[in-house]
Amino acid sequence: MNVVIIGAQWGDEGKGKIVDYLAKDAKYVVRYSGGPNAGHTIVVDGKQFALHQVPSGILYSDKKVFLGAGMVIDPEALFEELKMIKDNGVDWEGRVFISDRAHLILPRYRQMDKDRDASRKRPIGTTGRGIGIAYSEKAHRDGLRLADLDWTEKLADLEKEDLDYLDKYKEQLLQMRVDLTQKMWEFRKENILFEGAQGAMLDIDSGTYPYVSSGASCAAGAATGCGIGPHNLDHILGVFKAYETRVGNGPMPTEFNATSEGELCQYVRDTGREYGVTTGRARRCGYLDLVALRYACRVNSLDSLVLTHLDIYDAMDQIEACVGYEINGKIVTDFPANIDQLNSAKPILQKFSGWKTSLKECRSYKKMPKNARAYVEFIEAFTGTPVSIISVGYDRDETFIRKNPWKK
Ligand code: IMO
Ligand code: MG
């Protein structure tokens, strides 16, 4: 049995927490896309970990974790992260493996990424981690894979600066190398958790292109990014927050208005700690966008949803969510590709009564206040997708399951 976890919005939905939560029933955790642009936060017994490249299952000492071929890996950042993990008392040696087909980020890609974004007429607001450069080298067929560290002709083509850099990490990287496609076949009867990065709306194909990242953050990315056929993905979970956030540029139809909704925006940002784990940037915040969420459910064939940050609304009298857009005087309920249309979209908001009580201690759906359940059930009806897990706080334990994704 395997479970795929993807972000169903623009990233930062709380995937790290949910991967960590579900990892207790997995034998292997495999990250399949992105690289050090991701920032996955996990809180265990009040202690916080911010992971960027290492899969979120690492905190369980009995799990093996894998970095898939769909990722772009920054060796220097990876070993710094592993050191941080070790300094915090987590032994990782012998438990972290990298697909021999994964591509590597060279240090100069970071500056190239920043320069390229700065020279754009309409910057994307990338994380500056060299992600887009590494993926474009890959698409150009000029990229460098882990397996290539043993390819004599390829190495002979590299500049001295790159070779010197790679020399520092080569031995350790090769020790972690695996043929992940073979492992996927070997593990096929065991519990594997696939950890997505970024989100459905940042996917290179189905996201708000060009304001996207460069990897396959969609559910299908788990198949291509690990070497397992799409037919063999058992349960696909989409994680979403009770509201919307976005970092970087690009359309966000439900973004709070800076003046008229400035107070609400600051409240959500501060209560939800909406500041980037990777870049420290304040995230843009807005109403839950059900048009975008339903689109994410459809293009990723989500089997169920995980609702996070619901507790951020605990103190509010009233909650609003977007059920349609008004674009050029027309009502639109399917997510458009055109950026002009998305930028001019006015959200049509539906109001919900708040529950005015803390959800922090809530551990079952039945015990949730009626108004909170009404919000959840509206989302389920609108998207046609059940909500199987709800998170009511940052800690691993502040979570409850309605339907276990590990059970068929
Ligand atoms: P996690 O996994 C939120 C955004 C960047 C930028 C765009 C392109 O933590 O949810 P890139 O550096 O990837 O070329 O930047 O994508 N972005 C993310 N936003 N969460 C992420 O990851 C992101 N990874 C990339 O802010 O707008
Ligand atoms: Mg993030």
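Rules used in this analysis
- Residues numbered from 1 in each chain as written.
- Chains lettered and ligands numbered in written order.
- Predicted model: local features only at pLDDT ≥ 70, side-chain atom pairs only at ≥ 80, totals over all residues.
- Heavy atoms only, no water.
- Phe/Tyr/Trp six-rings, centres within 6.5 Å; stacked < 30°, edge-to-face > 60°.
- Helix = DSSP H or I, 4+ residues; strand = E, 2+ residues; numbered from the N terminus.
- Buried < 20%, exposed > 50% of the residue type's maximum accessible area, 1.4 Å probe, protein only.
- Lys NZ or Arg CZ within 6 Å of the ring centre and 35° of its normal.
- Near = heavy atom within 4 Å.
- Polar contact = N/O pair within 3.5 Å; in protein donor to acceptor, adjacent residues only side chain to side chain.
- Areas by Shrake-Rupley, 256 points an atom, 1.4 Å probe, with all protein chains shown as cover.
- Nonpolar A, V, L, I, M, F, W, Y, C, P; charged D, E, K, R; others polar.
- Domains from an automatic or database assignment.
- UniProt positions renumbered as here; feature names shortened; annotations may be inferred.
- Contact = heavy atoms within 4.5 Å.

### Details of the packing of aromatic side chains
Alright, step 1. Summed over all chains, the structure comprises 15 aromatic pairs.
Alright, step 2. Between Tyr243 and Tyr313, the ring centres sit 6.1 Å apart and the planes meet at 65 degrees, which makes this aromatic pair edge-to-face. Of this pair, Tyr243 sits in the loop between β11 (235-241) and β12 (244-246) while Tyr313 is found in the loop between β15 (304-308) and β16 (318-327), placing the two residues 70 residues apart along the sequence.
Alright, step 3. Between the aromatic rings of Phe352 and Tyr375, the centroid separation amounts to 5.1 Å while the plane-to-plane angle is 80 degrees, which identifies the pairing as edge-to-face. Within this pair, whereas Phe352 is found in strand β18 (residues 346-353), its partner Tyr375 is found in helix α12 (residues 370-383), the two being separated by 23 residues in sequence. You'll find Phe352 and Tyr375 in the same group, each marked buried.
Alright, step 4. Positioned over the ring face of Tyr394 is Arg273, at 3.8 Å from the centre of the ring.

### Some points on the site of ligand 1
Alright, step 1. Neighbouring ligand 1 are 20 residues; Asp12, Lys15, His40, Thr127 and Ser213 lie closest to it.
Alright, step 2. Thr127 is positioned such that a nitrogen or oxygen atom in its side chain is 2.6 Å from an oxygen atom of ligand 1.
Alright, step 3. Contact between ligand 1 and Val247: an oxygen atom at 3.0 Å from a main-chain N or O atom of the residue.
Alright, step 4. Considered on its own, ligand 1 offers 550 Å² of accessible surface; in the complex 97% of this is hidden by protein.
Alright, step 5. In terms of residue class, the shell around ligand 1 is built from seven nonpolar, 10 polar and three charged.
Alright, step 6. When residues of the shell around ligand 1 are assigned to domains, at least three map to each of domain 1 (2-236) and domain 2 (240-401).

### Focus: the UniProt feature "active site" (unreviewed entry) in the protein chain
Alright, step 1. Mapped onto the present numbering, the UniProt feature "active site" (unreviewed entry) falls at Asp12 and His40. Across 29 residues of sequence, these annotated residues stay compact in space, with a maximum C-alpha separation of 7.6 Å.
Alright, step 2. Checked against the element boundaries, Asp12 lands in the loop between β1 (2-7) and α1 (15-22).
Alright, step 3. Apart from the residues lying within four places of it in its own chain, the contact partners of Asp12 are Gly39, Lys241, Thr245, Val247 and Arg283.
Alright, step 4. Position of His40 among the secondary structure elements: in strand β3 (residues 40-44).
Alright, step 5. Assessed through its relative accessible area of 5%, His40 is described here as buried.
Alright, step 6. Non-local contacts of His40, meaning those with residues more than four positions away in its chain, are made with Lys15, Gly16, Arg31, Phe49, Ala50, Leu51, Ser56, Glu195, Gly196 and Ala197.

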